[in-house]
Amino acid sequence: MPHLDTGRVQIYTGDGKGKTTAALGLAFRAKGYGLDVLMLQFAKKLHCSEHDAAAVFGLPIIQATAPTPELCAREILERAHAALAPRGGASGDAPVDVLILDEVGAAMSRGLVTRSDIEALLAERPEATEVVLTGRGLLPLADLADLVTEMRPVKHYFDEGLLARKGIEY
């Protein structure tokens, strides 16, 4: 099975649309090359169409099931640490090549995840594992990343009263 030679840390942030979508595009590309990919969602407890499409391609998208937001954040962080832990054996490979922490920005803005949590997680990142962080308000973590993309709204039909559409926004 192929693996990355070198992993990096990427951030997709900003007030514009497309952060999760960009991460999913990266995930589908990685799956196409046979890489192991895992998306963990912090602030979403809604089944969206991307979950169905991801299942077709064998891309796991996991949401927390704990009863409170605090416990949900802990659950997702624990899963992230487990995803980065060495498998054991001679190779010491991590269980995933690409780990996406979707909407970690929302969890941070609510005080459920701290910069220290992210620093600790990234300190465990094997050299050949790509980690992608998505969500608003992640620019303060830019120093921890190798790539930072800020989505900013220039024009959006939400401003005209058009609500989220099935198959497009969710």
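Look up: the structure comes first, before these words.
In this text, all values refer to a predicted model and were calculated from it rather than measured experimentally.

Trainee: Which residues make up the environment of Asp 102, and what values do they have?
Mentor: Note that Asp 102 resides in strand β4 (residues 98-102). Each C-alpha atom of the pair Asp 102 and Leu 24 lies 9.6 Å from the other, and the pair is 78 residues apart in sequence.

Trainee: Got a sec to walk through the packing of aromatic side chains? Specific residues and values, please.
Mentor: Per the stated rule, a full pass over the model turns up two aromatic pairs. For the ring pair Phe 28 and Phe 57, a centre distance of 5.2 Å and an interplane angle of 65° mean the geometry is edge-to-face. Of this pair, Phe 28 sits in helix α1 (residues 19-32) while Phe 57 is found in the loop between α2 (49-56) and β3 (61-63), placing the two residues 29 residues apart along the sequence. On the basis of relative accessible area, Phe 57 is assigned to the exposed category, the value being 54%. Where Tyr 157 meets Phe 158, the ring centres are 5.9 Å apart and the plane angle is 75°; that geometry is what we call edge-to-face. Residue Tyr 157 is classed as partly exposed on the basis of its relative accessible area of 27%.

Trainee: Tell me about the packing of helix α3 (residues 69-84) against helix α5 (residues 115-123), and please be specific about residues and values.
Mentor: The contact between α3 and α5 brings their axes to 9 Å, and the two run at 20°. The orientation of α3 relative to α5 falls into the category roughly parallel. With respect to the hand of their crossing, α3 and α5 are arranged in right-handed fashion. Contact residues: α3 offers Arg 74, Leu 77, Ala 80, His 81 and Leu 84, while α5 offers Asp 117, Ala 120 and Leu 121.

Each value, and the rule that gives it
Residues numbered from 1 in each chain as written. Predicted model: local features only at pLDDT ≥ 70, side-chain atom pairs only at ≥ 80, totals over all residues. Heavy atoms only, no water. Helix = DSSP H or I, 4+ residues; strand = E, 2+ residues; numbered from the N terminus. Phe/Tyr/Trp six-rings, centres within 6.5 Å; stacked < 30°, edge-to-face > 60°. Buried < 20%, exposed > 50% of the residue type's maximum accessible area, 1.4 Å probe, protein only. Axes fitted to C-alpha atoms, helices over the stretch in contact; angles between N-to-C directions. Parallel < 35°, antiparallel > 145°, perpendicular 65-115°, else oblique. Left-handed = near helix turned anticlockwise from the far one by under 90°. Contact = heavy atoms within 4.5 Å.

These figures come from the coordinates and say nothing about function on their own.
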